[in-house]
Amino acid sequence: MDLKIAVAGATGAVGETMLSILVEYGFADADVHALASEKSLGRTVEFGNRKLDVEVLDDYDFSGTDYALFSAGAGVSLVHAPRAAEAGCTVIDNTSAFRRDEAIPLVVPEINADLLEGLAPGTIISNPNCSTIQMLIAIAPIHALAGIGRINVATYQSVSGAGSKGMEELALQTRDRLSFREVKPAVFAQPIAFNAIPVIDAMQDNDYTREEMKLHWETQKILRDDTIAVNATAVRIPVFFGHSEAVHLETVRDVSLEEVREAMHAAPGLELIDSLEPAQQATAVTHAAGKDAVYVSRLRRDLSHPRGISMWVVADNVRKGAALNAVQILKTIVTGQM
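Below or above, wherever it landed, is the structure these notes cover. (Residues numbered from 1 in each chain as written. Predicted model: local features only at pLDDT ≥ 70, side-chain atom pairs only at ≥ 80, totals over all residues. Heavy atoms only, no water.)

Quick word on the environment of Arg-99
Move 1: Following the sequence through the fold, Arg-99 ends up in the loop between strand S6 (90-93) and helix H3 (109-112).
Move 2: For the pair Arg-99 and Val-76, spaced 23 residues apart in the sequence, the C-alpha separation amounts to 15 Å.
Move 3: In contact with Arg-99, not counting residues within four places along its chain, are Asn-94, Leu-106, Ser-126, Asn-127, Pro-128, Asn-129, Lys-214, Glu-218 and Lys-221.
Move 4: A distance of 3.1 Å separates the side chain of Arg-99 from the backbone oxygen of Thr-95, its partner in a polar contact.
Move 5: Here the side chain of Arg-99 touches Asn-127 through a polar contact of 2.8 Å, landing on its backbone oxygen. (Helix = DSSP H or I, 4+ residues; strand = E, 2+ residues; numbered from the N terminus. Contact = heavy atoms within 4.5 Å. Polar contact = N/O pair within 3.5 Å; in protein donor to acceptor, adjacent residues only side chain to side chain.)

Concerning the packing of helix H1 (residues 13-24) against helix H9 (residues 319-335)
Move 1: Where H1 contacts H9, the two axes come as close as 9 Å, and the packing angle between them is 45°. Between H1 and H9, the crossing angle belongs to the class labelled oblique. Here H1 and H9 pass one another in a crossing that is right-handed. On the side of H1, the interface is formed by Val-14, Thr-17, Met-18, Ile-21, Leu-22 and Glu-24, while H9 contributes Arg-319, Ala-322, Ala-323, Leu-324, Ala-326, Val-327 and Leu-330. (Axes fitted to C-alpha atoms, helices over the stretch in contact; angles between N-to-C directions. Parallel < 35°, antiparallel > 145°, perpendicular 65-115°, else oblique. Left-handed = near helix turned anticlockwise from the far one by under 90°.)

Some points on the sheet that holds strand S1 (residues 4-8)
Move 1: One open sheet accounts for seven strands, arranged S3-S4-S2-S1-S5-S6-S7; its pairing is mixed. Looking at the sheet topology across the chains shown, the edges are occupied by strand S3 (44-47) and strand S7 (124-126). Sheet twist, expressed as the mean angle between neighbouring strand axes with direction ignored, is 25°.
Move 2: Where S3 and strand S4 (residues 50-56) come together, four bridges link them in antiparallel fashion. Its bridge partner being in S4, Val-45 is matched across the sheet by Leu-52.
Move 3: Strands in contact with H9 are S1, strand S5 (67-70), S6 and S7; relative to S5, the strand with the most contacts, it is inclined by about 165°. (Pairing = 2+ DSSP bridges.)

As for the pairing of S3
Move 1: Residues Val-45 and Phe-47 point to one face of S3 and are all buried, whereas Thr-44 and Glu-46, pointing to the other face, are not buried.
Move 2: In this antiparallel pair of consecutive strands, S3 and S4, the connection spans two residues, and Gly-48 shows a positive phi of 65°. (Buried < 20%, exposed > 50% of the residue type's maximum accessible area, 1.4 Å probe, protein only.)

Focus: unusual backbone geometry
Peptide bonds are trans in most cases, and residues, glycine excluded, mostly fall at negative phi.
Move 1: Look at Phe-180: it is not a glycine, yet its phi comes out positive at around 60°.
Move 2: The residue Phe-180 is located in the loop between helix H5 (164-178) and helix H6 (210-223) in this model.
Move 3: For Phe-180, a relative accessible area of 80% puts it in the exposed group.

Overview of the packing of helix H4 (residues 130-146) against helix H7 (residues 257-266)
Two quantities define a packed helix pair, namely the angle between the axes and the distance from one axis to the other.
Move 1: Direction vectors running N to C along H4 and H7 enclose 125°, while the axes themselves pass 9 Å from each other. Judged by the inter-axis angle, H4 sits oblique to H7. Crossing of H4 over H7 shows right-handed handedness. For the pair H4 and H7, contact is made by Ala-138, Pro-141, Ile-142 and Leu-145 and by Glu-259, Val-260, Ala-263 and Met-264, respectively.

Digging into the pairing of strand S8 (residues 148-157)
Move 1: With eight bridges joining them, S8 and strand S10 (residues 243-251) adopt antiparallel strand pairing. Bridge assignment links Ile-151 to a residue of S10, and that residue is Leu-249.
Move 2: In the sheet, S8 pairs with strand S9 (residues 229-236) via eight bridges, with the strands oriented parallel. Of the residues in S9, the one forming a bridge with Gln-157 is Arg-236.

Description of the sheet that holds S8
Move 1: Taken together, the six strands give an open sheet; going across it, the order is S9-S8-S10-S13-S12-S11, and neighbouring strands pair in mixed fashion. Because the sheet does not close on itself, it has two edges, and the strands there are S9 and strand S11 (270-272). Averaged over all pairs of adjacent strands, the angle between their axes in this sheet comes to 20°, without regard to strand direction.

Quick look at the side chain of Ser-131
Move 1: Checked against the element boundaries, Ser-131 lands in helix H4.
Move 2: The buried category is assigned to Ser-131, whose relative accessible area is 0%.
Move 3: Polar contacts involving the side chain of Ser-131 include one to the side chain of Glu-211, which spans 3.3 Å.
Move 4: Apart from residues lying up to four places away in sequence, Ser-131 is in contact with Thr-155, Gln-157, Glu-211, Leu-215, His-243 and Glu-245.

See below:
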């Protein structure tokens, strides 16, 4: 494939996964450049059966680069994504930098790939938050069937959402707990090993966290319906990979559970588990980690509302919730298929 692709944040967990998925999804022969900060100069990263020398993002000239995948933090994207776009490079940004900008498409290819049609070179495209992606892949078929008026969701998010330092903190605290040593939080506000912390990201003026508000803002934008109300609680739990969500929604119109099942089975990127056996229920460890799909189990009627539906949703937050979605956007633009 005669393309020049840059990956900014290539030494991070998401960047490394992007490089791996680029190979898996047909871009192994592309001219790929791994970009990171100056402190990573001299390092190499794997790209299929090749090793790429890490280049300094600050010094990189995006002229002649067709696509750039950014996952180096919102601050970095705000500086360098516009610079890349001005050079004619199409940017797929995996940070929160541009998600609320109405002029910039916020894309989950399984849901709103039509936004990618006819985009000019130099466009910036935003990747949604990982927890939003998995929830919307699960509920979009229901929205198409009967409309969604309200969503209550509690997310149980793995430490990889906080990057490699979050994973290291969980590992070290687990060791210290089991060795009866003092646990010292650094990445998280409280100990994460054997615990659940009901705060992710900064607290907002309305007493919700920014992570919780992302689910509200991004759901309305992606589903193109600003009447949908989203009430979220985001919790960090001691799992390395894979976010889990308890989703309770209310449809606008009556719809049977059988119609919902049929639509979910037909939806791209979604795996619905019909079994009621406890050992078959989707979990972050047994189903999501390392996989491309979003998994749904425990689909049922909400006993407290006549049009209520409840479900359990899991997905790999680093893979599907970040890297894969970005590569699917790229592949959709280049080939017309995810």
